[in-house]
Amino acid sequence: MSDKKVIVKAVAKEAAPAAKAAPKKPLYQPKGDVLISVKNLDKTFKETIHAVRNVTTDIHKGEVVVLIGPSGSGKSTFLRCLNLLEVPTGGSITMDGEDIMDKNADLNKHRQKVGMVFQHFNLFDNLNVIQNMTIAPVKLKGESEAAASQRAMNLLDRVGLADRAEAYPSQLSGGQKQRIAIVRALCMQPEVILFDEPTSALDPEMVGEVLDVMKQLAAEGMTMVVVTHEMGFAREVADRVLFMADGALIEEGTPEEIFDNPKSDRLKDFLSKIL
């Protein structure tokens, strides 16, 4: 082949347009429409303790959002603001498009849509399991005791506790109490469940049984916002992880982004101490 032909081929090759790179698929795409929208949320105690600082985020239907961070970072306060157990001092929260901080908002109606699972169970000691589960649907939603009891028994069966329906909280282990607290929240058929460190008060051997119930709910599409120190759960189950420190939302992303590719020095320092 002549030198001239070689040169012509080389020039043609260089001039050929480069193949377009396939657009990168986002690591995370929200599962559904926005359920809760939080804008510039602030919470101050006694005008000096700034527990939550200018937090903005959206929670989508069917999404599992896990909040992590050091103790005192504002995670639980932020969570409690979502159903106004703590009243924010600034910003806005909307749910299903309704401003729940508006003075005319029906707070009781809002709370019926939001289940809450506390660190220390918060079961009524003077009521047995089935009564703990049915009191809210009967008293707040006007359901018949028969209908509420049937749903409660179905839920107890799902978590392997149907045989404890007549037991009182004092007769249950910590893991059983927390599983009861979860299905009690489900009895109200909420749109979202908030979990405030649901395993931190449990003995280590009981943590797994509670996390298994939460994993099952996540697989079934329940919208969940979880404050936890269980990093394995966050990595395995979360759609999105929020890292908070000093009341601020420092970083958020998929579990892969947060745990494998942290960007902020504060998050890197936190992970270096716990992983």
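Conventions adopted
- Residues numbered from 1 in each chain as written.
- Predicted model: local features only at pLDDT ≥ 70, side-chain atom pairs only at ≥ 80, totals over all residues.
- Heavy atoms only, no water.
- Salt bridge = Lys/Arg side-chain N within 4 Å of Asp/Glu carboxyl O.
- Helix = DSSP H or I, 4+ residues; strand = E, 2+ residues; numbered from the N terminus.
- Buried < 20%, exposed > 50% of the residue type's maximum accessible area, 1.4 Å probe, protein only.
- Pairing = 2+ DSSP bridges.
- Right-handed = clockwise from strand over helix to strand, strands pointing away.

A. Representation of the pattern of salt bridges in the model. Across all of its chains, the model carries 12 salt bridges by this definition. With a closest N to O distance of 3.9 Å, Asp58 and Lys39 form a salt bridge. Residue Asp58 is located in strand 2 (residues 49-60), and its partner Lys39 is located in strand 1 (residues 34-45); the two are separated by 19 residues in the primary sequence. Taking relative accessible area as the criterion, Lys39 reaches 35% and is therefore assigned partly exposed. For Glu236, the salt bridge goes to Lys215, with nearest N and O atoms at 3.3 Å. Of this pair, Glu236 sits in helix 8 (residues 231-237) while Lys215 sits in helix 7 (residues 204-219), and the two are 21 residues apart along the sequence. Owing to a relative accessible area of 56%, Glu236 belongs among the exposed residues under this scheme. For Lys215, a relative accessible area of 27% corresponds to the partly exposed category. Via salt bridges that share partners, Glu63, Arg240 and Glu252 belong to a single interconnected network.

B. Main features of the pairing of strand 8 (residues 223-227). Burial analysis of strand 8 places five of its five residues in the buried class, which makes it a mostly covered element. Where burial is concerned, the two faces of strand 8 agree: the one with Thr223, Val225 and Val227 and the one with Met224 and Val226 are both buried. Here four bridges tie strand 3 (residues 64-68) to strand 8, and the two strands are oriented parallel to one another. Note that in strand 8 the partner of Val65 across the bridge is Val225. Where strand 7 (residues 192-196) lies against strand 8, five bridges are found, and the strand directions are parallel. Paired with Asp196 across the strands is Val227, a residue of strand 8. Note that the unit made of strand 7, helix 7 and strand 8 has a crossover that is right-handed.

Distances and angles like these do not, on their own, reveal function.
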